[in-house]
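# Structural characterization, general
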Amino acid sequence: MRSSDLMASRRAMLAAFGTGLAALAARPAKAAPVVVTDALGRRVEIIQPPQRIIPIFASNTELVAAAGLAGRIVGIEAYTRFPPEVAGLPQVGGRLGFSVERVARLRPDLVIVTPARQAVHLLVDPMERLGIPIIVLTHPTVAGVLDNLRLVARAGGVASHGDRVAASLGARLEAVAATGTAGPARPRAVMVTGRVSNGLFLVARPGSYTADAMVAAGLALAFDRPGMLAQVAPEAIFRADPDVVLFAGTAAGLEETFDRPEWVGLRARREGRILAVNRAEFLIPGPRVVDGIERLAAALRTGAPRPGASRS
């Protein structure tokens, strides 16, 4: 080989080597595994940012969406309605339970569940055997929802985004607290969340997520006995004599429930202080609770005509 050809060959080799080094330098470093501890104290290792997520229950789906990961959701349970873009996704179960086969068929690389409707019992062990990371979350308080948002974002490889969203939501809650009513002057409230066939009412209990949201909005609990049952008779609401009655549902549902002769003697009705609040905002422990807390606090603070107030 002539010297000129040899020199040209060496230059080509050096150029190719330099190109290869540049490509290696430009290639993003492989992310280190993420380890999170879930509500059961389980250590869950996630090798790489998940791209196919199945959040079971509406609360967990809303957390995944708030973390900016809605586009990675590949399956939901039957009662998930928000955000709208996930409504048409395959369903992996519902009121009667959850199908390991349906979950596995969607090839998730992360499953998120909550201890309700036997979801933990049905799914945790099978997912572990299949090598699919599964995180169990509980939502006992509003602050716990923000902590779970951070955890979900970290598990999804977007920790900084989750921190920013959680910080923004936390700042809004702090603003509500700064303008709210404090101390014993807080209005005492009962929230009715449903009615059962025997005529009893379902109410928010002390120690529950919903009760915590009521307190965050500036209320005190008229039913404040730890360990009380969630079902109470109408007479118990009269005896509690709340300043405010909240109805988790529509204004029409509120009127159907409370515009009856038997409620005429309820002080909150006489004073027009029965208020319908959004069920999704107060009963689904997700980021939208902050919207509900802000709206409820504003109504309490301004004394403006209350939406959904029953006619006296």
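In what follows, the structure referred to is the one given above.
Calculation criteria
- Residues numbered from 1 in each chain as written.
- Predicted model: local features only at pLDDT ≥ 70, side-chain atom pairs only at ≥ 80, totals over all residues.
- Heavy atoms only, no water.
- Helix = DSSP H or I, 4+ residues; strand = E, 2+ residues; numbered from the N terminus.
- Buried < 20%, exposed > 50% of the residue type's maximum accessible area, 1.4 Å probe, protein only.
- Contact = heavy atoms within 4.5 Å.
- Areas by Shrake-Rupley, 256 points an atom, 1.4 Å probe, with all protein chains shown as cover.
- Core = buried A, V, L, I, M, F, W, Y, C linked by side-chain atoms within 4.5 Å.
- Pairing = 2+ DSSP bridges.
- Axes fitted to C-alpha atoms, helices over the stretch in contact; angles between N-to-C directions.

### With respect to the overall build of the chain
A tally of helices and strands in the chain yields twelve helices and 13 strands. Looking at the chain as a whole, 44% of its 312 residues are labelled buried. At a minimum sequence separation of 6, the contacts of the chain that also span at least 24 residues come to 60%. Carbon and sulfur atoms form 56% of the exposed surface of the chain, whose accessible area is close to 15800 Å².

### Looking at unusual backbone geometry
Here Phe82 and Pro83 are connected by a cis peptide whose omega angle stands at 0°. One non-glycine residue with positive phi stands out, namely Phe57, at about 90°. Following the sequence through the fold, Phe57 ends up in the loop between strand S3 (53-55) and helix H2 (58-66). Here Arg117, not a glycine, exhibits a phi torsion of approximately 50°, which is positive. Here Arg117 is to be found in the loop between strand S6 (110-113) and helix H4 (119-130). By relative accessible area, which is 30% here, Arg117 ends up partly exposed.

### Concerning the nonpolar core
Residues Ile135, Met191, Met214, Leu246, Ile293 and Leu296 are the most contacted members of the largest nonpolar core, which totals 50 residues. Considering every element that reaches this core, the biggest residue donor is helix H5 (residues 142-155), with eight residues. Dropping the residues within four chain positions of it, Met191 is found in contact with Leu202, Val203, Ala204, Thr210, Met214, Leu246, Ala248, Val277 and Phe282. In terms of nonpolar packing, the next biggest core, distinct from the first, is built from 20 residues, Val190, Ala236, Ile237 and Leu254 among them.

### Focus on the sheet that holds S6
The three strands lie next to each other as S3-S6-S7, forming an open sheet whose pairing is parallel. Of all the strands in the sheet, the pair left with one neighbour each is S3 and strand S7 (134-136). With strand direction ignored, the average angle separating the axes of adjacent strands in the sheet is 15°. Pairing analysis gives three bridges linking S6 to S7, with the strands arranged parallel. Residue Val113 lies in a different strand from S7, and its bridge partner there is Val136. Strands S6 and S7 of the sheet are contacted by H4, whose axis makes an angle of about 150° with S7.

By themselves, these observations are geometric and do not establish any function.
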